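Residue-level structural notes
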Amino acid sequence: MIFLDSAATTPVRREVLEAMWPLLTGDFGNPSSHHELGESAKRALDAARTSVAASLGCRASDVVFTSGGTESDNLAIKGLALAEPRGRHIVTSAIEHEAVLESVDYLARIHDFEVTVLPVDAQGLINLDQARDALRPDTTLCTVMYANNEIGAVQPIAALAELCRAHGVPLHTDAVQAAGWLSLDVAGLGIDALSLSGHKLGAPKGIGVLMVKGRRSLEPVLHGGGQERGKRSGTENVAGAVGFAHALALAETDRAERAVRIAQLRDDFVADVLARVPAAIFTGPALAGAQAGADSHARADGDASARTPTPTRLPNNASFCFPGTSGESLLLELGRAGVICSAGSACAVGSDDVSHVLTAIGIDEAIAQTAVRFSLSGDTTAEQLATVAAEIETAYRAVRSLSQ
Ligand code: PLP
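Since the model is a prediction, treat every value here as computed from it, not as a measurement.

On to the overall build of the protein chain. Helices and strands together make up the secondary structure of the protein chain, namely 14 helices and twelve strands. Taking 404 residues into account, the globule formula puts the C-alpha radius of gyration at 22 Å, and the protein chain, at 21 Å, falls close to it. Its C-alpha atoms put the protein chain at 70 × 55 × 35 Å along the principal axes. When the 404 residues of the protein chain are sorted by exposure, 55% land in the buried category. Across the protein chain, the fraction of contacts at a sequence separation of at least 24, relative to all contacts at a separation of at least 6, is 76%. A total of about 16,000 Å² of accessible surface is found on the protein chain, and carbon and sulfur atoms cover 54% of it. In the protein chain, 33 side chains carry a positive charge and 48 a negative one; their mean positions are 4 Å apart.

Here's what the structure looks like:
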């Protein structure tokens, strides 16, 4: 099997499992218990929080452990928007994950928020001038994802943070796909809140983090025993938190080297696929931007049009449309050949809907149905990618011959 679906999920790393094991067995206490077992669990949780804070460049008290990316997005958006007295207006982008779009929609439906949705260009990038125009005195929150899960578009998040700061608007970013590939230095990026998910990083499913700057008030979504400083009630997933902290630290250790190496493999793979299937359309940001470096965002000083950042793309994302086929049929053919990838995004349960991301970048609905996403991991090899490119050609021919 060749697994090219890391944007959907990743296996738990051995070191992560080993770090978690004691907390699941002998050292299994509840951090709220006032006995040695409970206090030991609390120490492990505190150490995990400190470690995550070191990886993100924030305070330990800014780290809230959650059940994953979806909960982090919900807590950030509902929690910040409802706690902010400025008004009832939210700014977001057209290509957010459903966890963001549905949370924003909830605020609009139930709490009468007004929503401005920033469009994206053909590469999937927002425009900073449009973002500036969207910010209003009653804007309570701007939420724009760091990197897109389907087409790998990386937004100019540091520049957007400066704009938001100048307007006094908190900025939340969904960094679920960025983790392990892009800088998560929240102080350097200037963001107020950031969502992460463990299972995209080599930690288990069911653990995540919301980093939210302590000065920001946050209305809790889960009410109960007041854990996580009242921001997220519920007995803490101690082993998950320890695993998350380990996975994040490991992902950060060799991130820059991995990003460059995998971007190069990805670029060669894309060239190979386009040579074998000339009709294929490579979707999302052009590759030259990705090679320019993942952390190379312009800052938000001066004229916005002059500082539009270099188009950039996640190093591990290669997404295509194959006109004249169907993404699902290609997925089946590739699956038979032992290649695991995704038709668009695996984040919505059994969804047959046309991708809102692909339509937002101007791809025709019929073409969008032919999308296939390949997402590499740090362990992906050139040999695997050469095999996959050949299998794509075979699968493409097979599906085309059936549909003619
Ligand atoms: N945000 C993005 C960009 C994602 O890609 C995903 C999942 O794929 C999520 C949020 C949801 O994360 P989780 O699966 O941990 O709930």
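Next, the rest of the story.
To continue, consider the UniProt feature "domain: Aminotransferase class V" (unreviewed entry) in the protein chain. Taking the numbering used here, the UniProt-annotated feature "domain: Aminotransferase class V" (unreviewed entry) corresponds to residues 2–285. A helix fraction of 42% and a strand fraction of 13% characterise residues 2–285, whose end C-alpha atoms lie 25 Å from each other.

Time to look at the sheet that holds strand β12 (residues 371–375). Strand order in this open sheet of three strands is β9-β10-β12, and the pairing throughout is antiparallel. The sheet is open, and its two borders are formed by β9 (281–282) and β12, each paired with just one other strand. With two bridges connecting them, β9 and strand β10 (residues 317–321) associate as antiparallel partners. From the neighbouring strand, I281 faces β10, where its bridge partner is C321. This element, helix α9 (residues 255–276), spans β9, β10 and β12 of the sheet and lies at about 15 degrees to β10.

Moving on, we come to the nonpolar core. Residues L160, L184, L196, F269, F320, F322 and F374 are the most contacted members of the largest nonpolar core, which totals 103 residues. For this core, the element with the most residues is helix α8 (residues 238–253), which contributes nine residues. Grouped together as the second largest cluster of nonpolar side chains are 16 residues, V100, L141, V212 and L218 included.

This part is about the sheet that holds strand β4 (residues 114–118). One open sheet accounts for seven strands, arranged β2-β8-β7-β6-β5-β3-β4; its pairing is mixed. Of all strands in the sheet, those bounded by a partner on one side alone are β2 (63–66) and β4. Ignoring strand direction, the axes of neighbouring strands in this sheet form an average angle of 20 degrees. Two strands pair when backbone bridges link them, and strand β3 (residues 89–93) and β4 are joined in this way by five bridges, in the parallel orientation. Bridge pairing links V91 to T116 in β4. Relative to the sheet, helix α2 (residues 36–56) contacts β2, β7 (193–197) and β8 (208–212), its axis offset from that of β2 by approximately 115 degrees. Helix-sheet contacts for helix α6 (residues 157–166) involve β5 (139–143) and β6 (171–174), and the interaxial angle to β6 is about 160 degrees.

Turning to the pattern of salt bridges, a few remarks are in order. The final tally for this structure, using the stated rule, is 22 salt bridges. Between E15 and R13 there is a salt bridge, and its shortest N-O distance comes to 3.6 Å. Accessibility expressed as a relative area gives 36% for E15, which makes it partly exposed. Its salt-bridge partner being D192, residue R216 comes within 3.4 Å of it at the nearest N-O pair. Within this pair, whereas R216 is found in the loop between β8 and α8, its partner D192 is found in the loop between α7 (186–189) and β7, the two being separated by 24 residues in sequence. Linked through salt bridges whose partners overlap, the residues forming this network are E84, D192, R215 and R216.

This part covers the pairing of β5. Most of β5 is tucked away: five of the five residues are buried. Strand direction decides the pairing type here: β3 and β5, joined by four bridges, are parallel. Looking at β5, one finds that H89 is bridged to T139. Of the pairings in the sheet, the one linking β5 to β6 comprises two bridges and is parallel in character. Its bridge partner lying in β6, C142 is registered against L171. The handedness of the β5 to β6 crossover, carried by α6, is right-handed.

Analysis parameters
- Residue numbers restart at each chain and count upward from 1, following the sequence in its written direction.
- For a predicted model such as this one, the threshold for reporting local features is a pLDDT of at least 70, and the threshold for listing and counting side-chain atom pairs is 80 or more; totals across whole chains, interfaces and linings nevertheless cover every residue.
- Calculation of side-chain values draws on the structure's entire complement of heavy atoms; hydrogens and water are dropped beforehand.
- Each helix is a run of H or I in the DSSP string that is no shorter than four residues. Each strand is a run of E no shorter than two, and both are numbered from the N terminus.
- Values of the radius of gyration come from C-alpha atoms, whereas the globule rule sets the reference at 2.2 Å times the count of residues to the power 0.38.
- Exposure is judged per residue with a 1.4 Å probe applied to protein chains only, and the accessible area is read against the type maximum: over 50% gives exposed, under 20% gives buried, and values in between give partly exposed.
- By the convention used here, residues are in contact when the closest approach between their heavy atoms is within 4.5 Å.
- Here the Shrake-Rupley method, with its probe set to 1.4 Å, supplies the accessible areas, and only the displayed protein chains count as covering residues.
- Working convention for charge: Lys and Arg count positive, Asp and Glu count negative, and His plus the chain ends are omitted.
- Lys charges are placed at NZ, Arg charges at CZ, Asp charges at CG and Glu charges at CD.
- UniProt positions are given in the numbering used here, feature names are shortened, and annotations may be inferred rather than shown by experiment.
- Pairs of strands are assigned from DSSP output, requiring at least two bridges between the strands.
- For every element, the axis is a line fit to its C-alpha atoms; helices are fit only across the contacting stretch, and the angle between N-to-C directions ranges from 0 to 180 degrees.
- To qualify as a nonpolar core, a set must consist of buried Ala, Val, Leu, Ile, Met, Phe, Trp, Tyr and Cys residues joined through side-chain atoms within 4.5 Å.
- Here, a salt bridge means any Lys or Arg side-chain nitrogen found within 4 Å of an Asp or Glu carboxyl oxygen.
- Look down the strands so they point away from you; if going from the first strand over the helix to the second traces a clockwise path, that crossover is right-handed.

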